[in-house]
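Chain by chain, the residues:
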Amino acid sequence: NNNNNNNKNIDYSNSGGKYLFWEHVQSETDPGLAMQQTVLTPLQSFLGDGCHLNRRTGESIRKAGFDIFSPGGMEYVEFEQFGLIGPTVMGVVSV
């Protein structure tokens, strides 16, 4: 059954809750890759159910004011073998 949208309706509003994230994001270190991600985002969004290659999720989490308490804070890595979806941000925040 494909009607189960639990991942889109999760309530993170409970005080003391934790949100673990692992998101592919726009490249922070390779301007050429970042440009490719921006150019291809409309197609990817259409084909990938709203997925955006050029989102800056780490910045959004910081600006939202979440407490980041992962070991070493929020981490940014680039998995080159994954090409356009290789740039990744990951961590844990408290809600």
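Let me begin by describing the structure that accompanies this report. What you see is a predicted model; the values in this text were computed from it and never measured.

## Describing the packing of aromatic side chains
Link 1 in the chain: Tallied over the entire structure, the rule returns three aromatic pairs.
Link 2 in the chain: Considering the side-chain rings of Tyr19 and Phe21, the 6.0 Å spacing of their centres and the 25° angle between planes classify their relative orientation as stacked.
Link 3 in the chain: Residue Phe21 is classed as buried on the basis of its relative accessible area, which comes to 5%.
Link 4 in the chain: Here Phe79 and Phe82 contribute two aromatic rings whose centre-to-centre distance is 6.3 Å and whose plane-to-plane angle is 75°, an arrangement assigned as edge-to-face.
Link 5 in the chain: With relative accessibility at 48%, the residue Phe82 sits in the partly exposed group.
Link 6 in the chain: Feature note: the residues Trp22, Phe79 and Phe82 constitute an aromatic cluster, connected by ring pairs.

## Points about the nonpolar core
Link 1 in the chain: Ranked by size, the top nonpolar core spans six residues in total: Phe21, Val25, Ile61, Met74, Val89 and Val93.
Link 2 in the chain: Ignoring any residue separated from it by four or fewer positions in sequence, one finds Val89 in contact with Phe21, Trp22, Glu23, Val25, Thr57, Gly58, Met74, Glu75 and Tyr76.

About the cut-offs
- Residues numbered from 1 in each chain as written.
- Predicted model: local features only at pLDDT ≥ 70, side-chain atom pairs only at ≥ 80, totals over all residues.
- Heavy atoms only, no water.
- Phe/Tyr/Trp six-rings, centres within 6.5 Å; stacked < 30°, edge-to-face > 60°.
- Buried < 20%, exposed > 50% of the residue type's maximum accessible area, 1.4 Å probe, protein only.
- Core = buried A, V, L, I, M, F, W, Y, C linked by side-chain atoms within 4.5 Å.
- Contact = heavy atoms within 4.5 Å.

By themselves, these observations are geometric and do not establish any function.
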